[in-house]
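Listed below, chain by chain, are the residues.
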Amino acid sequence: MALSIGIVGLPNVGKSTLFKTLTKKEVDIANYPFCTIDPNVGVVLVPDERVDKLAELTSSAKKIYTTIEFVDIAGLVKGASEGEGLGNKFLANIRETDAIIYILRAFSNSDIINTQESISPLRDKGILDVELILKDLDTITKRIHGLEGDVRANRKEAIKEMEVLKKAKEFLTEEKILVEQSFTDEEKKILDSFQLLTLKPRLYLLNGKDEEVDQNTLEVFKKNNPANSGETSWPYLIVDIASEFETAGFLKEERISLGFPPESETDILVKKSYELLSLITFLTTGTDETRAWTIKRGEMAPQAGGVIHSDFEKTFVKAEVINWKDLIEAGGFSKARERGLIRTEGKEYIIQDGDVIEIKHG
Ligand SMILES: Nc1nc2c(ncn2[C@@H]2O[C@H](COP(=O)(O)OP(=O)(O)OP(=O)(O)O)[C@@H](O)[C@H]2O)c(=O)[nH]1
Ligand SMILES: [Mg+2]
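Scoring rules and cut-offs
Within any chain, residue numbers begin from 1 and follow the written order of that chain's sequence. Labels follow written order: the first chain is A, the first ligand is 1, and so on. Whole-chain, interface and lining totals are the exception, using all residues; otherwise, since this is a predicted model, local features are given only for residues with pLDDT of at least 70 and side-chain atom pairs are given and counted only at 80 or more. In DSSP terms, a helix is any run of H or I states spanning at least four residues, a strand is any run of E spanning at least two, and both are numbered starting from the N terminus. Neighbour density around each residue's C-beta defines its exposure: 20 or more other C-beta atoms within 10 Å make it buried, 12 or fewer make it exposed, and counts between make it partly exposed, where C-beta atoms are placed from the backbone. For the purpose of contact definition, each residue receives a C-beta atom placed from its backbone, and two residues are in contact when these atoms lie within 7 Å. The split into domains, and so the bounds of each, comes from an automatic or database assignment of domains. Classification convention: Asp, Glu, Lys, Arg as charged; Ala, Val, Leu, Ile, Met, Phe, Trp, Tyr, Cys, Pro as nonpolar; all other residues, Gly among them, as polar. Nonpolar cores are identified as sets of buried Ala, Val, Leu, Ile, Met, Phe, Trp, Tyr and Cys residues joined via C-beta atoms within 7 Å. A pair of strands is considered paired only if DSSP assigns at least 2 bridges between the two. Fitting a line to C-alpha atoms yields each axis, with helices limited to the stretch in contact; the angle taken between N-to-C directions then spans 0 to 180 degrees. Here, nearness means that the C-beta atom of a residue, built from backbone geometry, sits within 6 Å of the molecule or strand in question.

Draft legend 1. Seen up close, the overall build of the protein. Helix and strand content of the protein: 14 helices and 12 strands. Burial status across the protein gives 33% buried among its 362 residues. The long-range share in the protein, meaning contacts at least 24 apart out of those at least 6 apart in sequence, stands at 67%.

Draft legend 2. Fine view of the domain arrangement of the protein. When its domains are assigned, the protein resolves into domain 1 (4–276) and domain 2 (298–361). If you average the C-alpha positions of domain 1 and of domain 2, the two centres end up 33 Å apart. At the junction of the two partners, domain 1 supplies four residues and domain 2 supplies five residues. Class assignment for the residues of the side of domain 1 that touches domain 2 results in two nonpolar, no polar and two charged.

Draft legend 3. Just the nonpolar core, in detail. Ranked by internal contacts, the top residues of the largest apolar core, which has 53 residues, are Ile7, Val8, Ile101, Tyr102, Ile103, Leu205 and Leu206. Other than its neighbours up to four places away in sequence, Val8 contacts Ile73, Leu76, Ile94, Ile100, Ile101, Tyr102 and Leu128. Formed by 21 residues, the second largest nonpolar core is a distinct cluster that contains Leu283, Ala292, Ala336 and Ile357.

Draft legend 4. A look at the sheet that holds strand β5 (residues 99–105). Taken in spatial order, the six strands make up an open sheet running β2-β4-β1-β5-β6-β7, and their pairing is mixed. The sheet is open, and its two borders are formed by β2 (40–45) and β7 (236–239), each paired with just one other strand. Sheet twist, expressed as the mean angle between neighbouring strand axes with direction ignored, is 25 degrees. The pairing of strand β1 (residues 4–9) with strand β4 (residues 67–72) spans four bridges and is parallel. Across the sheet, Gly6 pairs through a bridge with Val71, a residue of β4. Running over the sheet, helix α1 (residues 15–23) touches β1, β2, β4 and β5 and is turned about 40 degrees from β2. Most of the contacts of helix α10 (residues 265–276) go to β7, to which it runs at about 165 degrees, and overall it touches β1, β2, β4, β5, β6 (202–207) and β7.

Draft legend 5. Spotlight on the site of ligand 1. Around ligand 1 there are 23 residues in total, and Gly14, Ser16, Thr36, Gly75 and Ala242 lie nearest to it. Sorting the residues of the shell around ligand 1 by element identifies α1 and α8 (241–246) as the ones contributing at least two each. For the shell around ligand 1, the per-class residue count stands at 11 nonpolar, 10 polar and two charged.

Draft legend 6. Representation of the environment of Leu197 within the structure. Assignment of secondary structure puts Leu197 in the loop between α6 (185–192) and β6. A C-alpha to C-alpha distance of 23 Å links Leu197 and Thr17, two positions 180 residues apart in sequence. Contacts of Leu197, omitting those with residues within four sequence positions, involve Leu91, Ile94, Arg95, Leu132, Lys135 and Asp136.

Draft legend 7. Looking closely at α1. Burial runs high along α1: seven of the nine residues are buried. Inspection of α1 places Lys15, Ser16, Leu18, Phe19, Lys20, Thr21 and Leu22 among the buried residues, and these make up the whole buried set. At the C-terminal side of α1, Lys24 shows a positive phi close to 60 degrees.

Structure, rendered in structure tokens:
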């Protein structure tokens, strides 16, 4: 599963700096707008203490973490959807990603060129939203025209699709992003095929120090945070990308001895991105290797088998399952077995985050 996250924002706000911090890839970073033109792509390990602890428990020779791909995209400006700035070519780069992170400038350092007259993360979010909305409107309007013949011919599927497209179009016309609207599963399935930009799950990254984010901005983000309201969801993080960049090479122990929190903000960011994509992790562990595997929330045991080996989905018989913490607390498989902590699960079992699994196949 090659899941990817696009890094989106106005020019010169720190997108490439974040990308370089995350992926350790050499990319151009410079204090001028439109430094990045072609997208940079890089793969990042998802940090996971469960892998470390289980590997220790079973004396694994190898540790394998899951990965996410990040795409560093060119800066977006007002009018981009109509060809301003670098035009709408790079909007296509966003289409290909599974989720997006908005980088919003909150840092004040006036040495860094600002393409806007002031610091305002909420205004910048608005500018980005409008461009993505216009692009989606364009996509949907084209499809609506394309469907008209089939609708006139009374084709059932076309009529259903048209209904959904019109519903989405109405939201977009009101400048509402689609990911915040409610659609039935059926509607969502139809919309998913268009790779709409405002339908992608998103995370807001306020780039600056905590004290650089003004109270009003923070209030708005807090109010819209899913933890506080069911309706809209604005998952956000405040990350000082410049400091993260400077401390990127430090080991956990070095971070602690220098007075930084042990887990870097970028580690937290990677984990959040994973949640954003509704992904969970299950694990396998033994003397050969301890490995974290990715599966979509809600998938069942045979699919987990299929992730490990394509044949295991079809030949799945049963799975032996234990939560990773229970396994650690018991002190290993044999003790866990003695205590009856290892369960046998069948085809209908829904995989839980943190399950340690052994698939039995025919
Ligand atoms: N003070 C401060 N400067 C930053 C921060 N993040 C990035 N910068 C600086 O801002 C400038 C632009 O950074 P880039 O990472 O190239 O920005 P970008 O968003 O990729 O820019 P484009 O590719 O041109 O759209 C560089 O000089 C960075 O050093 C930050 O958190 N604080
Ligand atoms: Mg850049």
